[in-house]
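Here is how the chains run, residue by residue.
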Amino acid sequence: MVALLPPIWYSCFSNFSDHPFELDGKLWFTVEHYFQAAKFADPQQRARIYACPSPMTAALMGKDRSIPIRADWDAIKLDVMRQALNAKFDTHQQIHDFLQATHPYPLLNYTAFDPFWGQDKRGHGQNQLGKLLMERRSRML
């Protein structure tokens with residue numbers, strides 16, 4: 001049985017959540033900012049994404065292909081996300097504890113728009129974000 005809680009309770013697991021962390025010598029506003037900036041080798045593009053006023057703006061800039069992404073992006077993107085999530089949960093004890101309290105339930109990133117990071121309501125998709133969160137949680141137990 002899965003306990004159903006209001007979605008706002010889980011918003012701390014979102015890459016858009018307002019939980020800043022330090023990584024690579026900078027204070028990042030959100031996981032989304034860090035992840036999207038990491039796609040680019042161009043330091044100017046990384047700086048523009050870092051300075052975005054919102055995670056949505058960072059996400060949109062990260063999807064812009066007028067500047068090419070790193071050649072190794074597909075090979076490293078899971079590790080980049082893992083590093084950002086670890087930094088976020090290491091920094092904020094309250095969400096660290098909340099993630100731990102979700103044990104033993106599965107964590108699913110429901111989205112109809114990104115079959116790599118999530119899955120739709122029919123169960124199609126890889127749910128890589130959910131898997132990384134559960135991986136993190138298992139190391140905390």
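A few points about the overall build of the protein chain
Along the backbone of the protein chain there are seven helices and two strands. Listed N to C, the secondary structure of the protein chain is α-β-β-α-α-α-α-α-α in terms of helices and strands. Compactness check: the protein chain gives a C-alpha radius of gyration of 15 Å against a globular reference of 14 Å for 141 residues, within 12% of the reference. Here the C-alpha coordinates of the protein chain stretch approximately 45 × 35 × 25 Å along the principal axes.

A look at helix α4 (residues 55-63)
Among the residues of α4, P55, A58, A59 and G62 are the ones counted as buried. Across the axial projection of α4, the buried residues extend over an arc of 100 degrees, all falling on one side. Those residues of α4 that are buried lie in contact with α2 (31-38) and α3 (43-50).

Thoughts on the pattern of salt bridges
Counted under the stated rule, the structure contains seven salt bridges. Of the charged contacts, one joins R82 and E135 as a salt bridge, the two residues approaching to 2.5 Å between their closest N and O atoms. Placement of R82 in helix α5 (residues 73-91) and of E135 in helix α7 (residues 128-140) is noted, with a sequence separation of 53 residues between them.

Considering helix α6 (residues 93-101)
Burial in α6 covers these residues: I95, H96 and L99. Viewed along the axis of α6, the buried residues span an arc of 110 degrees, placing them on a single side of the element. The exposed set on the far side of α6, more than 90 degrees from its buried face, consists of Q94 and A101. Elements that come into contact with the buried residues of α6 comprise α5 and α7.

What counts, and at which threshold
- Residues numbered from 1 in each chain as written.
- Predicted model: local features only at pLDDT ≥ 70, side-chain atom pairs only at ≥ 80, totals over all residues.
- Heavy atoms only, no water.
- Helix = DSSP H or I, 4+ residues; strand = E, 2+ residues; numbered from the N terminus.
- Rg over C-alpha atoms; globule rule 2.2 N^0.38 Å.
- Buried < 20%, exposed > 50% of the residue type's maximum accessible area, 1.4 Å probe, protein only.
- Arc of directions from axis to C-beta.
- Contact = heavy atoms within 4.5 Å.
- Salt bridge = Lys/Arg side-chain N within 4 Å of Asp/Glu carboxyl O.

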